[in-house]
Amino acid sequence: MHSIEVPAGVIEYSEAGSGPPVVLLHGLLMDHTLWDRVLPLLPEGFRYIRPVLPLGAHRHAMNPGADLTLPGQVRIVADLLDALHLQDVTLVHADWGGALFLTARGLDHRVARQVILPCEAFDNFPPGLPGKMVALAVRLPGGLQLAARQLRVGWLRRLPLLYGQMARRPVPGELIRRWTEPVLSDPGIRRDLLAYCRGPFEKAALIRDTEALRRFHGDVLVLWSPDNKVMPLAHGRRLAALMPQARYAEIPDAYVLSMLDDPEAVARETGTFLTAAPAAKKPSQDQDSR
């Protein structure tokens, strides 16, 4: 693992390959290992960067006083791209939708293309039953630790309130243990996660910031899983309709974490997108507003 300093603190990341950068993101209480099954199947000729965002499975607590609310987390992604001096990034979203808001905040100048797997969007923050469970846990004393311990119990993990609607196939116990160890063992990590989860999620602002993606004119693949019950199918299609250069595709027989349920299909669709020639740009009245 590598690490780099951004204003909020130290961010760890792994990287493999060389070429145009592809940055693969993850969700709450997850880390870069979410992509372990997909990474070996992706095409050569790209630099694959997998950061560990401060969303509860990170190993280094952020600086005291760092803004870890949703807007702060969006800034951390932008700061990371800046710190690594990346250009023409393909940004891959999964589960956590915060980085979709780079465009709304004028921070997407390093992003050339995007791949959007099932993730939070519009007013779906926090998402579905698992999101409601987290929202409840962070308001109870010791709730985060209790929820993390429940995730470690196989039969509990498969309940709809936990991971039953996140992955169609059981998530390996060793992966869950890795993802939950920091929040169970480090008060600083718990502080960071609480700062995010207790931050404001104002519905009208979330919708407005998602719809700002109509100003993004790079190529986009929206790769949704129609069988999942956490990230609405309508949101996937609506995201694809927003962006001038977006293409919509589906991974059937998968839930939110399609990279675990069907890594071959995710790698095939993503690889085809990465190696395709850029689409011809369409004229847009929004072009001058970027």
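Preceding this paragraph is the structure being described.
All values derive from a computational prediction rather than experimental measurement. (Residues numbered from 1 in each chain as written. Predicted model: local features only at pLDDT ≥ 70, side-chain atom pairs only at ≥ 80, totals over all residues. Heavy atoms only, no water.)

**Student:** Explain the overall build of the protein chain residue by residue, including any values.
**Tutor:** Within the protein chain one finds ten helices and eight strands. For 290 residues, the compact-globule estimate of 2.2 N^0.38 gives 19 Å, and the C-alpha radius of gyration of the protein chain, at 18 Å, lies within 12% of that figure. The dimensions of the protein chain, computed from C-alpha atoms along their principal axes, are 55 × 40 × 40 Å. Here the protein chain holds 290 residues, and 57% of them are scored as buried. (Helix = DSSP H or I, 4+ residues; strand = E, 2+ residues; numbered from the N terminus. Rg over C-alpha atoms; globule rule 2.2 N^0.38 Å. Buried < 20%, exposed > 50% of the residue type's maximum accessible area, 1.4 Å probe, protein only.)

**Student:** Residue-level account of a nonpolar patch on the surface, with values.
**Tutor:** A cluster of nonpolar side chains, namely Val153, Trp155 and Leu159, defines an oily patch on the protein surface of about 290 Å² accessible area. Mapped onto the elements of the fold, valine 153 is located in the loop between helix 3 (143–151) and helix 4 (154–157). (Patch = residues over 30% accessible without salt bridge, like charges linked within 9 Å, V, L, I, M, F, W, Y side chains within 5 Å. Areas by Shrake-Rupley, 256 points an atom, 1.4 Å probe, with all protein chains shown as cover. Salt bridge = Lys/Arg side-chain N within 4 Å of Asp/Glu carboxyl O.)

**Student:** Would you mind going over empty space enclosed by the protein in detail, with residue names and values included?
**Tutor:** Applying the stated criterion across every chain yields a total of one cavity of 30 Å³ or more. Volume-wise, the largest cavity comes out at about 30 Å³. The greatest single-element share of the lining of the largest cavity, amounting to three residues, is contributed by strand 2 (residues 9–16). Class assignment of the residues belonging to the lining of the largest cavity gives a composition of four nonpolar, two polar and two charged. (1 Å grid on protein atoms, 1.4 Å probe; cavity = no way out; pocket = protein on both sides within 12 Å on 5 of 7 lines; lining within 4 Å. Points joined across faces, edges and corners; volume = space filled by probe spheres on them. Nonpolar A, V, L, I, M, F, W, Y, C, P; charged D, E, K, R; others polar.)

**Student:** Hey, could you go over the pairing of strand 8 (residues 246–250) for me, with residue numbers and the actual values?
**Tutor:** Where strand 7 (residues 220–224) and strand 8 come together, five bridges link them in parallel fashion. Bridging from a neighbouring strand, leucine 221 pairs with arginine 247 of strand 8. Since strand 7 and strand 8 lie parallel, the crossover through helix 8 (residues 233–242) that links them has a hand, and here it is right-handed. (Pairing = 2+ DSSP bridges. Right-handed = clockwise from strand over helix to strand, strands pointing away.)

**Student:** Now, about the sheet that holds strand 7: what can you tell me, with residues and values included?
**Tutor:** On the basis of which strands lie adjacent, the open sheet formed by eight strands has the order 1-2-4-3-5-6-7-8 and mixed pairing. In this open sheet, the two strands that pair with only one neighbour each are strand 1 (2–6) and strand 8. Each strand axis lies, on average, 20° off the axis of its neighbour in the sheet, ignoring direction. Direction of pairing for strand 2 relative to strand 4 (residues 47–52): antiparallel, over a ladder of five bridges. Opposite alanine 16, over in strand 4, you have tyrosine 48 as the bridge partner. Packed onto the sheet, helix 1 (residues 70–83) meets strand 1, strand 2, strand 3 (21–24), strand 4, strand 5 (89–95) and strand 6 (111–119) and runs at close to 115° relative to strand 1. (Axes fitted to C-alpha atoms, helices over the stretch in contact; angles between N-to-C directions. Contact = heavy atoms within 4.5 Å.)

**Student:** Tell me what's going on with the state of the cysteines, and back it up with residues and numbers.
**Tutor:** Enumeration over the complete set of coordinates arrives at zero disulfides. As a non-bridged cysteine, cysteine 119 has cysteine 197 as the owner of its nearest cysteine sulfur, 17 Å distant. Judged by relative accessible area, which is 1%, cysteine 119 ranks as buried. (Disulfide = S-S within 2.5 Å.)

**Student:** Break down the packing of helix 5 (residues 173–185) against helix 6 (residues 187–197) for me, with residues and values.
**Tutor:** The N-to-C vectors of helix 5 and helix 6 enclose an angle of 100°; their axes lie 5 Å apart at closest approach. In terms of orientation, helix 5 lies roughly perpendicular with respect to helix 6. Mapping the contact onto sequence places Pro182, Val183, Leu184 and Ser185 in helix 5 and Pro187, Ile189, Arg190 and Leu193 in helix 6. The residue makeup of the contact of helix 5 with helix 6, split by class, is six nonpolar, one polar and one charged. (Parallel < 35°, antiparallel > 145°, perpendicular 65-115°, else oblique.)

**Student:** Just give me the short version of the nonpolar core, but keep the residues and values in it.
**Tutor:** Trp35, Trp179 and Leu239 are the most contacted members of the largest nonpolar core, which has 96 residues in total. The dominant element in this core, judged by the number of residues it contributes, is helix 1, at seven residues. Leave out the neighbours within four places in its chain, and tryptophan 179 touches Leu29, Met30, Asp31, Thr33, Leu34, Gly56, Ala57, Tyr163, Val171 and Leu260. (Core = buried A, V, L, I, M, F, W, Y, C linked by side-chain atoms within 4.5 Å.)

**Student:** An account of helix 2 (residues 128–137) is needed here, citing residue identities and associated values.
**Tutor:** Along helix 2, the positions that sit buried rather than exposed are Gly128, Pro130, Gly131, Met133 and Ala137. For helix 2, the secondary structure elements touched by its buried residues are helix 3.

**Student:** Could you give an account of the pattern of salt bridges, naming the residues involved and the relevant values?
**Tutor:** Inspection of the entire model under this criterion finds 17 salt bridges. With its nearest N and O atoms 2.5 Å apart, the salt bridge here joins aspartate 82 to arginine 110. Here the residue aspartate 82 occupies a position in helix 1, and arginine 110 occupies one in the loop between strand 5 and strand 6, the gap between them amounting to 28 residues. Among the ionic contacts, a cluster of salt bridges with common partners joins Arg168, Arg169, Asp227, Asp253 and Asp261.

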